[in-house]
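Residue-level structural notes
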Amino acid sequence: MNYFAGMIPFFVVLALGGAFLVSLAGRRLKIFPDIAGLLTTFSLLLLSVLAVIAVSGGGLLVYSIGAWRPPVGINFVLDGLAAFMLVTVNLIAFLVSLYAVNYMERYTDKWKFYTLFLLMLGGMNGVIITGDMFNLFVYLEIASIASYALVAFGTEKHELEAAFKYAVMSTVGSLFILMGIVFLYSYTSTLNMAHMALVLAQRGTSNILLMVSILFIMGFGLKAALVPFHAWLPDAHPSAPAPISAMLSGVLIKSLGVYALCRVFYNVIGINPALSSVFLVLGTLSMLIGVFLAIGQWDLKRLLAYHSISQIGYVILGLGLGTPLGIVGGLFHLFNHSVFKSLLFLNSGSVEYATGTRDLNKMGGLIKKMPVTGRTNLVASMSIAGIPPFNGFWSKLIIIIAAVQAQEFFYAFWAVLASILTLASFMKVTKYCYFGRLKEKLKGVKEVPVCMKVSMSLLAIICILGGLLILPRGESLFLGKAGYSLLKGTSYGNEVFEEVNK
Amino acid sequence: MIVYLLCLLLFCVGLYCILRKRNIIKIIVGVIIAEYAVNLLFILVAYRRGGRAPLHSPDAVIENMVDALPQALVLTSIVISLASTALLIAIAMRIYQKYRTFDITKIRELRG
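The present account deals with the structure reproduced in this document. (Residues numbered from 1 in each chain as written. Chains lettered and ligands numbered in written order. Predicted model: local features only at pLDDT ≥ 70, side-chain atom pairs only at ≥ 80, totals over all residues. Heavy atoms only, no water.)

**Description of the pattern of salt bridges**
Residue and element names in this part refer to chain A. Applying the stated criterion across every chain, the model contains nine salt bridges over all chains. When the shortest N-O distance is used, the salt bridge between Asp79 and Arg263 registers 2.9 Å. Taken together, the residues span a long stretch of sequence, with Asp79 in the loop between β2 (75-78) and α3 (80-103) and Arg263 in helix α10 (residues 242-269) at a distance of 184 residues. Arg263 gets classed as buried once you look at its relative accessible area, which sits at 3%. A salt bridge links Arg358 to Asp299, with the nearest nitrogen and oxygen atoms 3.0 Å apart. Of this pair, Arg358 sits in the loop between α13 (324-355) and α14 (366-369) while Asp299 sits in the loop between α11 (273-295) and α12 (300-321), and the two are 59 residues apart along the sequence. On the accessibility criterion, Asp299 (22% relative accessible area) is partly exposed. What emerges from the salt-bridge pattern is a single network uniting Asp34, Glu105 and Lys110. (Salt bridge = Lys/Arg side-chain N within 4 Å of Asp/Glu carboxyl O. Helix = DSSP H or I, 4+ residues; strand = E, 2+ residues; numbered from the N terminus. Buried < 20%, exposed > 50% of the residue type's maximum accessible area, 1.4 Å probe, protein only.)

**Section: the interface of chain A and chain B**
The accessible area lost on association of the parts is a frequent measure of interface size. Between chain A and chain B, the contact holds 34 residues from the first and 37 residues from the second. Buried area between chain A and chain B, summed over both chains or domains, comes out near 3300 Å², and the portion from carbon and sulfur atoms is 80%. Inspection of the chain A/chain B interface yields zero salt bridges. In this assembly, chain A and chain B are joined by four residue pairs in polar contact (both at pLDDT 80 or more). Counting residues per element, the ones that place at least two in the side of chain A that touches chain B are α5 (133-151), α6 (157-188), α9 (233-239) and α12 of chain A. By residue number, the principal contributor to the side of chain A that touches chain B is α6 of chain A, which donates 19 residues. (Contact = heavy atoms within 4.5 Å. Buried area = accessible area lost by both parts, 1.4 Å probe. Polar contact = N/O pair within 3.5 Å; in protein donor to acceptor, adjacent residues only side chain to side chain.)

**Details of the layout of surface pockets**
Empty space within the largest pocket amounts to approximately 840 Å³. Taken together, 31 residues line the largest pocket, and the ones lying closest to its centre are Lys165 and Met169 of chain A together with Ile18, Ile27 and Ile104 of chain B. Only α6, α8 (207-224), α9 and α12 of chain A together with α1 (2-20) and α2 (24-46) of chain B provide two or more residues apiece to the lining of the largest pocket. When residues in the lining of the largest pocket are grouped by element, the largest group, seven residues, is from α6 of chain A. When its residues are assigned to classes, the lining of the largest pocket shows 20 nonpolar, two polar and nine charged. In this structure, the second largest pocket occupies an estimated 420 Å³ of space. Around the second largest pocket, the lining is made up of 16 residues, and of these Ala149, Ala152, Phe153 and Thr155 of chain A together with Arg94 of chain B lie nearest the centre. Breaking the lining of the second largest pocket down by element, the ones donating at least two residues are α4 (110-129) of chain A together with α3 (69-99) of chain B. (1 Å grid on protein atoms, 1.4 Å probe; cavity = no way out; pocket = protein on both sides within 12 Å on 5 of 7 lines; lining within 4 Å. Points joined across faces, edges and corners; volume = space filled by probe spheres on them. Nonpolar A, V, L, I, M, F, W, Y, C, P; charged D, E, K, R; others polar.)

**Description of the packing of aromatic side chains**
All names here are of chain A. Counted under the stated rule, the structure contains 24 aromatic pairs over all chains. Relative to Phe94, the ring of Phe42 lies with its centre 5.2 Å away and its plane at 50°, an arrangement referred to as tilted. With Phe42 in helix α2 (residues 32-54) and Phe94 in helix α3, this residue pair connects regions lying 52 residues apart in the sequence. What makes Phe42 partly exposed here is its relative accessible area of 38%. Look at Phe113 and Phe117: their rings are 5.8 Å apart centre to centre, the planes differ by 20°, and that puts the pair in the stacked class. In this pair, Phe113 and Phe117 are both assigned in helix α4, four residues apart and thus about one turn of the helix distant. Among the residues examined, Phe113 registers a relative accessible area of 0% and is labelled buried. Aromatic ring contacts, followed pair by pair, group Tyr107, Phe113, Tyr114, Phe117 and Phe153 into a single cluster. Sitting over the face of the ring of Tyr432, Lys431 holds its NZ or CZ atom 4.3 Å from the ring centroid. (Phe/Tyr/Trp six-rings, centres within 6.5 Å; stacked < 30°, edge-to-face > 60°. Lys NZ or Arg CZ within 6 Å of the ring centre and 35° of its normal.)

**Some thoughts on the nonpolar core**
Judged by nonpolar contacts, the single largest core of 212 residues is most densely connected at Leu78, Phe84, Met124, Phe216 and Met247 of chain A. Counting residues in each nonpolar core, the second largest holds 16 residues, with Tyr314, Ala402, Ala403 and Ala412 of chain A among its members. (Core = buried A, V, L, I, M, F, W, Y, C linked by side-chain atoms within 4.5 Å.)

**So, the packing of α6 of chain A against helix α7 (residues 193-203) of chain A**
All names here are of chain A. Viewed as axis vectors pointing N to C, α6 and α7 meet at an angle of 65°, and their least axial separation amounts to 10 Å. The orientation of α6 relative to α7 falls into the category roughly perpendicular. In this structure, the crossing between α6 and α7 has a hand that is left-handed. Residues Leu184, Tyr187 and Thr188 of α6 pack against Met196, Val199, Leu200 and Arg203 of α7. (Axes fitted to C-alpha atoms, helices over the stretch in contact; angles between N-to-C directions. Parallel < 35°, antiparallel > 145°, perpendicular 65-115°, else oblique. Left-handed = near helix turned anticlockwise from the far one by under 90°.)

What follows is the structure, given as structure tokens:
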């Protein structure tokens, strides 16, 4: 029995408790929301690093709520994949809350922002660690509802319109997921994921599983903004305040969409060739359509939002290949994308903070006036475009190699093409925004305050050093364990019960 | 069987309302209808014909009982839909203040 199992609930408790305290005391004490937000996210980051160490032996940890053992009670499961996702989410959350200390001064009611932010974080952490199907739905809704409110945070015309569209589409997605859970429950008579995996393995395939799969692909696909379901993302992500855009694009669509999709299909229902090919097709479509739509954009944040769709396509493509290398590549790209896409959104927030515009035509030469923003943006652009020493290159390379190894030359070709188009579109951003002639109007622009600079620089350093994770030691500690959790498939159920009965 | 199909039909009515209606309030009503349909489906899959409440007493022999778990889950689900509906209505009110209309064909500033 590992001592860390008792710490697992703190991932949810700390975030929800922080949200409660901020909403209680933040209205009167002006400094309190900042401190509470930073402390909560920092302690969550420390806890998630400890979680990686706790599961580095290769096993998994189970916490049964109220000591009711599964399959009766609700349990939290911490395995390699969950620890990996926790580190990703909480790392970005900490850096984003550091950035928000200065950035959110533009808005009134900072405490409302931190309350919703921590609620969303608690929801995401809950989705990652839960081992119960209905519990997954509840946490998913906590995170989603907090994010609708955060998209509408500015309460201007565009924000409200985007938030309404996002809220309606995402609620429909949640309903599909709930309906899938209803059918799974009626088929297996259990809600515990591990028990469900065991029961499904005994029963074999049937038509109801096909229907459940379709419902889950639609539901989680809507949350992850895969291509036929992507219409809300390009409106919702740019309309939110910059730190929230970074959270939404960086981690929300991954933990609610990609992670939940993988957990359900790999560990509970069990992956099969038909599902794999659905993943491959959806991934490739997202990759290409996202990047084609992005090239024509002149609104900086909207361009970045379309790139999120495209990069999620890479992740799904890697995961859909189903080979060990493909899964590790997909997860590695998931981590890298959260780092560089949050950095890009924070950069765009800094530019908007300093110049008051998001239109690429009205910018130019900003690297002279804003050296930190300009340089970190250059790092992030090169990462997302896949220029060699940066992290984005390695993960894309692994995905393409995995596709070639799996004899999927068709998909490998499209992955290379999408990468080239990404490079083209980021050359456009760099040229129009940071290089070129400084516009007359922008002569008085100043660099952003210190907290924003620190946060962006830290993310840029992670972008540069991120490639080291693929070295054998980093791989075996961090990515390999996460990949293994998916590869072991439905024997997840057996492992959870072995751990509980130990 | 026919009950389940009617329930799915109700869900489709909700979806139709969300996809085809132009008035924001009607879209919200569509969301509510779809939520009701899913909750109803959840209760229906737990229902057993002629079943009784799953209460245990020493002398009674329980032969056929209704599954009580989904009823507890549906309560949670109703509370969640209450929260999301309240938020949707709040956003709709703010939209009306800004645009002075509920017609989504006139609320289209985001495109591209």
